[in-house]
Amino acid sequence: MSISEMEIEQMVDSQEETQQYIEIYGAREHNLKDVNLNIPRNKLVVITGISGSGKSSLAFDTIYAEGQRRYMESFSAYARSFIGNMERPDVDKINGLSPVISIEQKTTSRNPRSTVGTVTEVYDFLRLLFARAGVAYSHVTGKKMIKQTEDQIVDHLLKTYDGQKLIILAPVVKGRKGHYRELFVQIRKMGFTKVRVNGEIQELVAKMQVDRYKTHDIEIVVDRVIVQGKDEKRIRQSVQAAFKQSDGILMVQDQENNVADFSKYLMDPESGISYDEPAPNTFSFNSPYGACPTCHGLGLIEEISKDSVIPDPTLSISRGGIAPLGEYRDIWIFKKVEAILKRNKVNLTTPIKDIPEKTLEVLLYGDDIPVAVGSVKYPGTDWHTKFEGIIKFLEKQRETGSDKIRQWVEDFTDIATCPACSGYRLKKESLHFKIHDKHIGELAEMNINRLSDWFEGIETKLDDRQNIIAAEILKELRKRIGFLLDVGLDYLSLNRSLKTLSGGEAQRIRLATQIGTQLVNVLYILDEPSIGLHQRDNVKLIQALKDLRDLGNTVIVVEHDKDMMLASDFVVDIGPGAGRHGGHIMAAQPPTDFIQNKSLTADYLNGNLKIEIPTERRKGNGNFLELKGATGHNLKNVDLKLPLGTMICVTGVSGSGKSSLIHETLYPILRKHFYKSRTEPLPHQSLKGLEKLDKVIEVDQSPIGRTPRSNPATYTGVFTDIRSLFSELPESKIRGYKPGRFSFNVKGGRCETCQGGGMRVIEMDFLPDVHVLCETCKGKRYNRETLEVRFKGKSISDILDMTVEAAVDFFEHQPKILKKIETLHEVGLGYVSLGQHATTLSGGEAQRVKLATELSKRDTGNTFYILDEPTTGLHFQDIQHLLEVLQKLVGKGNTVLIIEHNMDVIKVSDYLVDLGPEGGEKGGQIVGSGTPEDLAKNEKSHTGKFLKEELV
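*Asks:* Even after reading the chapter, I still don't get the overall build of the chain, so can you show me in this structure?
*Replies:* In terms of regular secondary structure, the chain is built from 34 helices and 35 strands. With the C-alpha coordinates of the chain rotated into their principal frame, the extents come out at 110 × 105 × 65 Å. When the 952 residues of the chain are sorted by exposure, 51% land in the buried category. Here the contacts in the chain between residues at least 6 apart in sequence split such that 68% fall between residues at least 24 apart. Taking the 125 positively charged and 130 negatively charged side chains of the chain as two groups, their mean positions are separated by 7 Å.

*Asks:* How should a nonpolar patch on the surface be read in this particular structure?
*Replies:* Among the surface-exposed residues, Phe393, Ile405 and Trp408 lie close enough to one another that they form a single nonpolar patch of about 230 Å² accessible area. Among the secondary structure elements, phenylalanine 393 is positioned in helix α12 (residues 390-400). Phenylalanine 393 sits in the partly exposed class, given a relative accessible area of 34%.

*Asks:* What am I meant to see in the packing of aromatic side chains here?
*Replies:* Ring pairs (aromatic) are described by centroid distance and by the angle formed between their planes. Going through the model one piece at a time under the given rule, you end up with 18 aromatic pairs. Summarising the aromatic geometry, the rings of phenylalanine 791 and phenylalanine 810 are spaced 5.7 Å apart at their centres and angled 85° between planes, so their arrangement reads as edge-to-face. Of this pair, phenylalanine 791 sits in the loop between α26 (784-787) and α27 (796-801) while phenylalanine 810 sits in helix α28 (residues 804-810), placing them 19 residues apart in sequence. Taking relative accessible area as the criterion, phenylalanine 810 reaches 12% and is therefore assigned buried. An aromatic cluster of at least three residues, connected via ring pairs, comprises Phe726, Tyr737, Phe742, Phe791, Phe810 and Phe811. Residue placement shows arginine 425 over the ring face of phenylalanine 285; its charged tip is 4.6 Å from the ring centre. The lysine or arginine in question, arginine 781, covers the ring of phenylalanine 744, its NZ or CZ lying 4.1 Å from the ring centre.

*Asks:* Would you mind going over the packing of helix α15 (residues 448-455) against helix α16 (residues 464-486) with me for this structure?
*Replies:* Any two packed helices are characterised by the angle at which their axes cross and by the distance between the axes. At a minimum axis distance of 10 Å, the contact between α15 and α16 shows a crossing angle of 150°. Taken together, the axis directions place α15 and α16 in an arrangement best described as roughly antiparallel. Crossing angle aside, the handedness with which α15 passes α16 is left-handed. When α15 is examined against α16, the residues Ile448, Asn449, Leu451, Ser452 and Phe455 are found in contact with a partner set consisting of Leu474, Leu477, Arg478, Ile481, Leu484 and Leu485.

Cut-off values and rules
Residues numbered from 1 in each chain as written. Predicted model: local features only at pLDDT ≥ 70, side-chain atom pairs only at ≥ 80, totals over all residues. Heavy atoms only, no water. Helix = DSSP H or I, 4+ residues; strand = E, 2+ residues; numbered from the N terminus. Buried < 20%, exposed > 50% of the residue type's maximum accessible area, 1.4 Å probe, protein only. Contact = heavy atoms within 4.5 Å. Lys, Arg positive; Asp, Glu negative; His and termini not counted. Charge placed at Lys NZ, Arg CZ, Asp CG, Glu CD. Patch = residues over 30% accessible without salt bridge, like charges linked within 9 Å, V, L, I, M, F, W, Y side chains within 5 Å. Areas by Shrake-Rupley, 256 points an atom, 1.4 Å probe, with all protein chains shown as cover. Salt bridge = Lys/Arg side-chain N within 4 Å of Asp/Glu carboxyl O. Phe/Tyr/Trp six-rings, centres within 6.5 Å; stacked < 30°, edge-to-face > 60°. Lys NZ or Arg CZ within 6 Å of the ring centre and 35° of its normal. Axes fitted to C-alpha atoms, helices over the stretch in contact; angles between N-to-C directions. Parallel < 35°, antiparallel > 145°, perpendicular 65-115°, else oblique. Left-handed = near helix turned anticlockwise from the far one by under 90°.

Honestly, that's just the spatial picture; any functional story needs more than this.
In structure tokens form, the structure reads like this:
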């Protein structure tokens, strides 16, 4: 039976029609309620909804997981035997799925060797540029290095010294001491008759030697020739012979005794030092060929300094002036120290500042003079031993001590810029290859904006040879730098360590890298890329995502940002609630139709619901915190005055200096004052008003733990109370179970197969480790006997699986437990389970767990809270709940300072500090401060322009 052409066309058309959508049938992963959904392909799609409604379950745990599984299925059976089979997500069917790339927030590398430059590959192209087109300079004299081929040298000699008498020399000793008797014997054996010693030509004679205590320059006289064209062959042979004896270097002396140097390699004619031929790894701080030998390519060194060991020189040694020793005890080390002091006519009660410098040096670094200490065991006997020195002892323990000892030594260790490479990470030779007077380290220190300007018109600064070599490299560099500018990261520098970036910044770097790959027909899934981005830069990000779409890709973004939703092609809203109350598709349509809906998200978009602006702004309690002269990083001598007892918002474009001012200057000063922290703040002059506060609490987005063993219950401390409750049950008392029996971290009650983890780690050969459910306890973490103890019908494992919302009802008659769980519920984490692994919590969720932990503690009314973008991952409704909690805190007299870009938080604050006007070098100034109304009138403020629209 034949098929007509018309039928074939219809089949092709219907196939094309189905491929216009990603069709999802029966998605039930986590809290998804049998979801059926068609997502248009090659469009910018936003998945939104209240926190915990199932957005990530749909985007990452269903669509991405299935795409990744199918990719793994394409491997051969042999390759899959190493990887193992990936679990299929709980979904009936997905059609129209392209290859999937996920760009998540949690992919920030903790490796100090990963930098913005290495991840985006911009630094790799810079290395190639310097290896092929860089000009070498001597690190001794600063002069340009010379390098010539054999032919060039012969041509130069024939042309320059035509008709002159010339001596060709092979240098074998350069500025070294010794008598060199053996060397002279060896030279004679090779057939040479003359040498030049310290500029004077001498005959080689038997038993010849020079003064061994003086430095010498020795060259072999290879040939003496009158330069003529007919002698070209002889001159060439002499040059070759000289190169052979002196490893590629030769010298020539003319009839007026002038000496010229020549080298096959890069060589400094004045000092005689030479460099190896440069290769890309010469400029890599991750390679032994390029890394600084002192800091091994990290740019920083750990040092145990005098200041870290003696924090307060006004104290005496007996009162704990030397921190590692502590206060005086009747032990061996103090007797040794006392003996050294007695030798120098001081004692243990002398303030350290009055101890002579030489004596202090002996105490810290030791010496070879034995110290006599009386024996306790054998009275009248002295033990004579050398004193190692406290700093020397600490350094030894850092290398060889146990983990506990090393941790103790860390308290006296400071991080300092490497003195050998000045923080550039490379060895000195690598830093003396330059292009247009800049070495690669200086380019890596520039922010992307300045780097882009530096490359503008660089061709005019290069010679013809360099331009031919650099043409393709420059094209690639400009393209990649352009992508970083497009996603609003112009304020970052290439040497910025990846671990210092926020989740949003790391995500945008990966996005820039992906745009650079120019792939088509790929499905990209992003997790809130707008985090940490000012409203002004949001436009750039949206355009970058549209560019990715226009290449022919599908871009799915899990996002709460209003502008992103309105700029998208299609919006999927999941709800109506969080956790078990979510998992339904509330709407799936273009934004113009979506805002006509009655869903919670649509109501906030169309203005039916909004976060109300307070009728009155708090003036504060009349006290101020005044920071003067902050100059760290890009801060321009900033003076900051904060009214206490208010909600303060610090705003400004990305890279304007918010983190430098608050996290790296203000917070370390407060920590040092209240908790004796050793973290040094950035440079500043003074801080007034500390006496008006009694504690500081920073709530950042770092994880609450790096292993599945950490969870909200353990972090908030409520799990300790729950274990105590279980140990008080009659069944526990009969069995003799104590609280430790209900811990999954100690032997006794836990499942020993997974050691209480609930998961087992399968180590992969060339992929990240995979966590699989423990086959013995099926993820319950405990053994059978422990699970038999129940409270209100629930085992300890059931409690950990319970959501915060359910736990509030379950523990309603346990006030101690209830208080801590209620605070988790108040900050919008009702959908999170008490035992949810810390590794699965987003940055915003981890921050809210920390906030809940602090809220459950008794506040003093004089606490200073610092929050870093607490709206991360929050829906408009969740922001409303969070603001209510924060307003309650301020209502009790506390001060809450928030670093934020979200306009809903900015508009309800009592006091704003806006930094700018731009990012990086053009930032670091306070553009305006005051109430939101004051800032909205400020023409210089980028934040003010967007705020004006919100306050209408």
